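Observations on the three-dimensional arrangement
This is what each chain is made of:
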Amino acid sequence: MTTAVAAPFRFFALHVVRTRRLGPSLVRVSFAGEDLRHFLSDGWDQSLSLFLPHPGQTAPAVPLELGDGWWQGWRELPDDVRAVMRSYTLRGLRRDPDEIDIDFVLHTPAGPASAWAGRARAGDRVLLLGPAVADNRAIRFRPPDDTDLVLLWGDETALPAIASILAALPAGQRVRAWLDVRDARNARDLVTAADAEISWRTDGSCLDALRAAPLPSAERPYAWIAGESGSVKALRRHLAHERGIDRRRITFVGYWRQGLTEEQLRAAQ
Ligand SMILES: Cc1cc2nc3c(=O)[nH]c(=O)nc-3n(C[C@H](O)[C@H](O)[C@H](O)COP(=O)(O)OP(=O)(O)OC[C@H]3O[C@@H](n4cnc5c(N)ncnc54)[C@H](O)[C@@H]3O)c2cc1C
């Protein structure tokens, strides 16, 4: 799991097949499309770039006819025409028929992606920039082979990734996970063969809980943390400085930042 293949990514033209409320502010959207037969992923925390239409548009505006020049062409489209690009996580991949699932947090006030997910209906069209190679660089969860303890922390936006990571970890792998959800009804049953201890919090105190928690003794821990960017940074500092975890064994990803849209977050990084 330690070597990433330089990944070819490609566009997939998809449509919504169904939606399902998983909790008060969590909706699962399932997508299908001819192209999905070329979609390959090892799963884990596989991230995807989703291109969404604005209200009133029937399809997302991305100038695919420009070939490799699509990015420049897309950026030059007017703000109210250019498809909204947002990052999400692959939550499910099925074959026969080919379908993928993405779990969207419906946050308030809603941004364009959250609003889109809240009103998504069967037939709605999106474009996905995703992997055509199973082991690709949009999978960030990469514990070194000698890892003897996996630490996971995430908020609701990281719940899909953590659920997939836990489902894929083998029996015997020691795991300690902390999940911050805003509503207990968004907490899901997590399936894992790993030797996992999972803590849920709904009062935003997960960070403090983790700071105060005695960690199981481990010589070679690996930590994966994702969610609100300020919390992620604070936690990374804590794990590196106060817990003495080697920074190279900490994967951290700011999934969103309080007060910033995803475009603004990307520009600030
Ligand atoms: C690699 C990666 C994987 C991700 N996977 C998922 C996933 O599987 N599911 C998922 O729901 N999200 C996921 N996210 C987070 C998602 O991309 C952001 O929440 C995104 O900002 C939502 O876009 P938006 O258009 O709704 O809001 P934006 O237009 O980006 O933001 C509008 C406002 O809403 C605030 N905001 C954004 N997200 C939240 C939130 N979750 N809670 C409260 N306020 C928020 C912003 O700070 C801003 O003030 C992922 C992000 C990354 C980088």
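Structure first, text after, so check above.
Rules and cut-offs
- Residues numbered from 1 in each chain as written.
- Predicted model: local features only at pLDDT ≥ 70, side-chain atom pairs only at ≥ 80, totals over all residues.
- Heavy atoms only, no water.
- Helix = DSSP H or I, 4+ residues; strand = E, 2+ residues; numbered from the N terminus.
- Buried < 20%, exposed > 50% of the residue type's maximum accessible area, 1.4 Å probe, protein only.
- Contact = heavy atoms within 4.5 Å.
- Near = heavy atom within 4 Å.
- Polar contact = N/O pair within 3.5 Å; in protein donor to acceptor, adjacent residues only side chain to side chain.
- Areas by Shrake-Rupley, 256 points an atom, 1.4 Å probe, with all protein chains shown as cover.
- 1 Å grid on protein atoms, 1.4 Å probe; cavity = no way out; pocket = protein on both sides within 12 Å on 5 of 7 lines; lining within 4 Å.
- Sits in = over half its atoms within 2 Å of the grid points.
- Nonpolar A, V, L, I, M, F, W, Y, C, P; charged D, E, K, R; others polar.
- Pairing = 2+ DSSP bridges.
- Axes fitted to C-alpha atoms, helices over the stretch in contact; angles between N-to-C directions.
- Phe/Tyr/Trp six-rings, centres within 6.5 Å; stacked < 30°, edge-to-face > 60°.
- Lys NZ or Arg CZ within 6 Å of the ring centre and 35° of its normal.

Attention shifts here to the environment of phenylalanine 141. The residue phenylalanine 141 is located in the loop between strand 7 (125-131) and strand 8 (149-155) in this model. Phenylalanine 141 gets classed as buried once you look at its relative accessible area, which sits at 1%. Along the chain, phenylalanine 141 and isoleucine 250 lie 109 residues apart, while their C-alpha atoms are 9.6 Å from each other. Excluding its chain neighbours within four sequence positions, the residues that come into contact with phenylalanine 141 are Trp44, Asp45, Val150, Leu152, Ile165, Leu169, Tyr222 and Trp224.

We now examine the site of the ligand. Every one of the 26 residues lining the ligand counts as a neighbour, but Arg86, Ser87, Val105, His107 and Arg257 are closest to it. At a separation of 2.9 Å, a nitrogen atom of the ligand approaches a polar backbone atom of aspartate 103. Backbone polar atom of serine 114 to an oxygen atom of the ligand: 2.9 Å apart, as the coordinates give it. For the ligand, whose accessible area on its own is 920 Å², the fraction buried by protein is 91%. Mapping the ligand onto the cavity grids shows that it belongs to the largest pocket. By residue number, the principal contributor to the shell around the ligand is strand 4 (residues 84-89), which donates four residues. By residue class, the composition of the shell around the ligand is nine nonpolar, eleven polar and six charged.

One open sheet holds the seven strands; their spatial order is 4-3-7-1-2-6-5, and the pairing between them is antiparallel. Strands with a single pairing partner mark the edges of an open sheet, and in this sheet they are strand 4 and strand 5 (92-94). Averaged over all neighbouring strand pairs, the angle between strand axes comes to 35°, with direction disregarded. One ladder, built from three bridges, connects strand 5 with strand 6 (residues 99-105); its direction is antiparallel. Considered in strand 6, the bridge of glycine 92 is made with aspartate 101. The sheet strands contacting helix 2 (residues 112-119) are strand 1 (9-23), strand 2 (26-32), strand 3 (47-52), strand 4, strand 6 and strand 7, and the helix crosses strand 4 at an angle near 75°.

What follows concerns the packing of aromatic side chains. Applying the stated criterion across every chain, the model contains 14 aromatic pairs. Between tryptophan 70 and tryptophan 71, the ring centres sit 5.5 Å apart and the planes meet at 90°, which makes this aromatic pair edge-to-face. Assessed through its relative accessible area of 15%, tryptophan 70 is described here as buried. A relative accessible area of 35% means that tryptophan 71 is categorised as partly exposed. With a centroid separation of 5.5 Å and an interplanar angle of 80°, the aromatic rings of phenylalanine 141 and tyrosine 222 are classed as edge-to-face. One end of the pair, phenylalanine 141, is in the loop between strand 7 and strand 8; the other, tyrosine 222, is in strand 11 (residues 221-228), with 81 residues separating them in the sequence. Neither residue differs from the other here; phenylalanine 141 and tyrosine 222 are each classed as buried. Through a chain of ring-to-ring contacts, the aromatic side chains of Phe11, Phe51, Trp70, Trp71 and Trp74 assemble into a single cluster. Seen from the ring of phenylalanine 12, arginine 10 lies directly overhead, with NZ or CZ sitting 4.8 Å from the centre. The ring centre of tryptophan 74 lies 5.8 Å from the NZ or CZ of arginine 82, which sits over that ring.

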